[in-house]
Amino acid sequence: MSDTLSLDIPRKQWVNLYTETSIPVGTSVKIINQGHTIYIDVQDAEPTSVSNSITLLFTHQHIINTGSNNVWIYSISGSRIIYEM
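Computed from a prediction, not measured in an experiment: that's the story for all the values here.

A. Structural context of the overall build of the protein chain. A count of helical and extended segments in the protein chain gives one helix and eight strands. Walking the protein chain from its N terminus toward its C terminus, one meets helices and strands in the order β-β-α-β-β-β-β-β-β. Scaling as 2.2 N^0.38, a compact globule of 85 residues should have a C-alpha radius of gyration of about 12 Å, and the protein chain matches this with 11 Å. With respect to the three principal axes, the spread of C-alpha positions in the protein chain is 30 × 25 × 20 Å. The buried share of the protein chain, taken over its 85 residues, is 39%. Of the contacts formed within the protein chain by residues at least 6 apart in sequence, a portion of 81% connects residues at least 24 apart. About 4,700 Å² of surface is accessible on the protein chain, with carbon and sulfur atoms providing 46% of the total. The centroid of the 4 positive side-chain charges in the protein chain is displaced by 12 Å from the centroid of its 7 negative side-chain charges.

B. Looking closely at the sheet that holds strand β8 (residues 79-84). Spatially, four strands are ordered β1-β8-β3-β6 in an open sheet, and the strand pairing comes out antiparallel. Looking at strand neighbours, the two that pair on one side only are β1 (4-9) and β6 (62-65), the edges of this open sheet. Strand-to-strand twist across the sheet, computed as the mean angle between neighbouring axes with direction ignored, equals 25°. Bridge count between β1 and β8: six bridges; the pairing is antiparallel. Of the residues in β8, the one forming a bridge with isoleucine 9 is serine 79.

How each quantity is defined
- Residues numbered from 1 in each chain as written.
- Predicted model: local features only at pLDDT ≥ 70, side-chain atom pairs only at ≥ 80, totals over all residues.
- Heavy atoms only, no water.
- Helix = DSSP H or I, 4+ residues; strand = E, 2+ residues; numbered from the N terminus.
- Rg over C-alpha atoms; globule rule 2.2 N^0.38 Å.
- Buried < 20%, exposed > 50% of the residue type's maximum accessible area, 1.4 Å probe, protein only.
- Contact = heavy atoms within 4.5 Å.
- Areas by Shrake-Rupley, 256 points an atom, 1.4 Å probe, with all protein chains shown as cover.
- Lys, Arg positive; Asp, Glu negative; His and termini not counted.
- Charge placed at Lys NZ, Arg CZ, Asp CG, Glu CD.
- Pairing = 2+ DSSP bridges.
- Axes fitted to C-alpha atoms, helices over the stretch in contact; angles between N-to-C directions.

This is a description of form; function is not addressed.
Shown next as structure tokens:
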């Protein structure tokens, strides 16, 4: 992973990481949370709610997505992520 960029996550809105950043779906991405707690869901369609299948990512925690689905990110208070490809 070499490119490091940031993305603001608005409050109470699902954001598709790949759509917002123009990264091809399925690209391996390391997501580092730099703000308030975020919810991450990996699936094709936009989530309709926060469910038990969602990963919580607290400040300064990270996760690596290696799958082929879309990555959806949600924050109740708004947040910022750093992502590396």
